[in-house]
Amino acid sequence: MNETSALQTDLLAWFQANGRDLPWRRTRNPYYILVSETMLQQTQVDRVIPKYEAFLALFPTVEALASASTADVIRSWQGLGYNRRAVNLQRAAQAIVAAGFPADPAGFPNTPEGLRNLPGIGAYTSGAVACFAFERDVAFLDTNIRRVVRRLLVGPEDAPPATTEQTLIDYAQQLIPPGQGWAWNQAIMELGALICTAAKPQCWRCPLNQHCRAYAIWREANTQLDMWQPPVIKPRKKAAEQPFHSSNRYFRGRIIDALRALEAQQSLDLASLGPQVKQDWLGNEADLTWLAKLVSGLAQDGLLIWQYQPEQDLAGWSVRLPA
DNA sequence: AAGACGGGGGG
DNA sequence: CCCCCAGTCTT
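Since the structure is predicted, the reported quantities are computational estimates derived from the model, not experimental observations.

Some thoughts on the overall build of chain A
The secondary structure content of chain A amounts to 15 helices and three strands. When each of the 323 residues of chain A is scored for burial, the buried share is 33%. Contacts in chain A between residues at least 24 apart in sequence constitute 61% of all its contacts with a sequence separation of at least 6.

Structure below.
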């Protein structure tokens, strides 16, 4: 029994005993998996679960989603953030249906390369769907897997050597026990989420600590073995961002929320939308220009439709969710 | 390589 | 208030 297979056995056993019972772990339906993985992009599990259940109740199949009103899809996304994901998910469903699914099962891509061509599906999600829906032994990196692989095989992330993304993917691929990619990838992701966390890894109860390069290095640096704890890891400095509540992102969210509250097909002119979005809305030229710019960006993203009305001044232009 | 893109929960 | 989180797409 070599080192890698011992490591594999230990993690799989840990996952078997400690893995959470999450709804998307009970299915291989590619549509369900696609929905869950899209929702899980930059969004925590606990917040996704209720939205996932509600979304599938509303749009039970790829065909249902493809033919739904985009407004309803955007409404169902409320609270999840990154609303473009909702639009892209529906577009992906439309592409899959256009490719002949479900009459032709091959209309639903089952390889990372095929999935990668769908809108909103990148390097991570294409691998995750290929693995979790189609049980392919493919490697992919999310923030958890990336961190675990890095610590396990290279060392603490704040110390050299630097590693490339491709190197970590190669390592991740080598770790997958053939034929058990589904369980393995769930397990390593779960370890990163529950034990090998970013700021305060709980190495003392990690099933892989005896196999882990970072653990060995951290522990060697500390002579108090009994009281040993990994160092508190300082978050990487990010570029200064303006306060969220004055940011573009915040107001975009406010605009979409205002439109969600409208009845189907109903629209709102900028003069009415403004006060719902901005506290100290004055309705002057500067305000209207500012709002129009945000609205224009949202229209570009497919999140709303706005009517260019040359007869009216800016205040009279109307906005609604896509039909 | 860097920024934009939401929102909620935790320290 | 700052940080983080099952990422993707566009400069």
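Here the narrative resumes.
Thoughts on the domain arrangement of chain A
Interfaces are often sized by the accessible area lost when the parts come together. Once the domains are mapped, chain A shows domain 1 (29–132) and domain 2 (244–320). Between the C-alpha centres of domain 1 and domain 2 the distance comes to 27 Å. Listing elements by their share of the side of domain 1 that touches domain 2, those giving two or more residues are helix H5 (70–76) and helix H6 (84–98). Per-element accounting of the side of domain 1 that touches domain 2 gives the leading share, three residues, to H5.

As for helix H2 (residues 30–39)
Since the α-helix advances by 3.6 residues per turn, residues separated by three or four positions end up pointing in the same direction. Counting buried positions over the 10 residues of H2 gives 10, a clear majority of the element. Contacts made by the buried residues of H2 are with helix H3 (45–58), helix H4 (62–67), H6 and helix H8 (123–132).

A look at the packing of helix H13 (residues 248–260) against helix H15 (residues 285–300)
The N-to-C vectors of H13 and H15 enclose an angle of 75 degrees; their axes lie 10 Å apart at closest approach. Put simply, H13 runs roughly perpendicular to H15. Residue-level inspection shows Asn-248, Phe-251, Arg-252, Ile-255 and Ile-256 of H13 in contact with H15, the latter providing Leu-294, Val-295 and Leu-298. For the contact of H13 with H15, the per-class residue count stands at six nonpolar, one polar and one charged.

Observations regarding the UniProt feature "domain: HhH-GPD" (unreviewed entry) in chain A
As recorded in UniProt, the sites labelled "domain: HhH-GPD" (unreviewed entry) are residues 39–194. As annotated, residues 39–194 has a helix share of 61% and a strand share of 0%, and its two end C-alpha atoms lie 19 Å apart.

A short note on the environment of Ala-187
The topology assignment puts Ala-187 in helix H11 (residues 181–194). Excluding anything up to four places from it in sequence, Ala-187 contacts Leu-11, Leu-12, Phe-15 and Gly-19.

Some remarks on unusual backbone geometry
Where the residue is not glycine, phi is negative for most of them; where a peptide bond is considered, it is trans in most cases. In this chain, Phe-101 is followed by Pro-102 through a cis amide linkage whose omega measures 10 degrees. Looking along the chain, the bond that leaves Pro-160 and enters Pro-161 is cis, with omega of 5 degrees. With respect to the element layout, Pro-161 can be found in the loop between helix H9 (143–154) and helix H10 (165–175). Although it is not a glycine, Tyr-82 sits at a positive phi angle of roughly 45 degrees.

Quick word on the sheet that holds strand S1 (residues 268–269)
Here three strands make up an open sheet; going across it, the order is S1-S3-S2 and the pairing antiparallel. Every other strand in the sheet has two partners, leaving S1 and strand S2 (305–306) as the edge strands with one partner each. As paired strands, S1 and strand S3 (residues 318–320) are joined by two bridges and run antiparallel to one another. The residue of S3 that forms the bridge with Leu-268 is Val-319.

Thoughts on the nonpolar core
In terms of nonpolar packing, the biggest core is built from 79 residues, with Val-35, Ile-74, Val-129 and Ile-188 touching the most fellow members. Of the domains in this structure, domain 1 (29–132) and domain 2 (244–320) are the two that each give at least three residues to this core. If near-sequence neighbours (up to four positions away) are discounted, Ile-74 is found in contact with Asn-83, Ala-86, Ile-256, Arg-260, Leu-303 and Leu-321.

A few points about the environment of Ser-67
Examined against the element boundaries, Ser-67 turns out to sit in helix H4. It is 7.6 Å that separates the C-alpha atoms of Ser-67 and Gln-94, two residues lying 27 residues apart in sequence.

Looking at the environment of Pro-156
Among the secondary structure elements, Pro-156 is positioned in the loop between H9 and H10. Given 18 C-beta atoms within 10 Å, Pro-156 falls into the partly exposed group. The sequence separation of Pro-156 and Arg-213 amounts to 57 residues, and the corresponding C-alpha distance is 7.8 Å. Ignoring any residue separated from it by four or fewer positions in sequence, one finds Pro-156 in contact with Arg-151, Ala-214, Ile-217 and Trp-218.

The rules we used
Residue positions are given per chain, counted from 1 along the sequence in the order it is written. Just so you know, chain letters begin at A and ligand numbers begin at 1, following the order they were written in. For this predicted model, a pLDDT threshold of at least 70 governs which residues receive local features, and a threshold of 80 or more governs which side-chain atom pairs are given and counted, while totals over whole chains, interfaces and linings are taken from all residues. Think of it this way: any DSSP run of H or I at least four residues long counts as a helix, any run of E at least two long counts as a strand, and we number them from the N terminus. Buried residues are those with 20 or more other C-beta atoms within 10 Å of their own C-beta, exposed residues have 12 or fewer, and partly exposed residues lie in between; C-beta atoms are placed from the backbone. Our contact criterion uses C-beta atoms placed from the backbone: two residues qualify when those atoms are within 7 Å. For each domain, the first and last residues come from an automatic or database assignment. Each axis is a line fitted through C-alpha atoms, taken for helices only over the stretch in contact, and angles between the N-to-C directions span 0 to 180 degrees. Should an angle fall under 35 degrees it is called roughly parallel, over 145 degrees roughly antiparallel, and 65 to 115 degrees roughly perpendicular, with every other angle called oblique. Note on residue categories: nonpolar means Ala, Val, Leu, Ile, Met, Phe, Trp, Tyr, Cys or Pro, charged means Asp, Glu, Lys or Arg, and polar means any other residue, Gly included. UniProt positions are given in the numbering used here, feature names are shortened, and annotations may be inferred rather than shown by experiment. Two strands form a pair only when DSSP identifies at least two bridges running between them. Core membership is restricted to buried Ala, Val, Leu, Ile, Met, Phe, Trp, Tyr and Cys residues, and these are joined into a nonpolar core through C-beta atoms within 7 Å.

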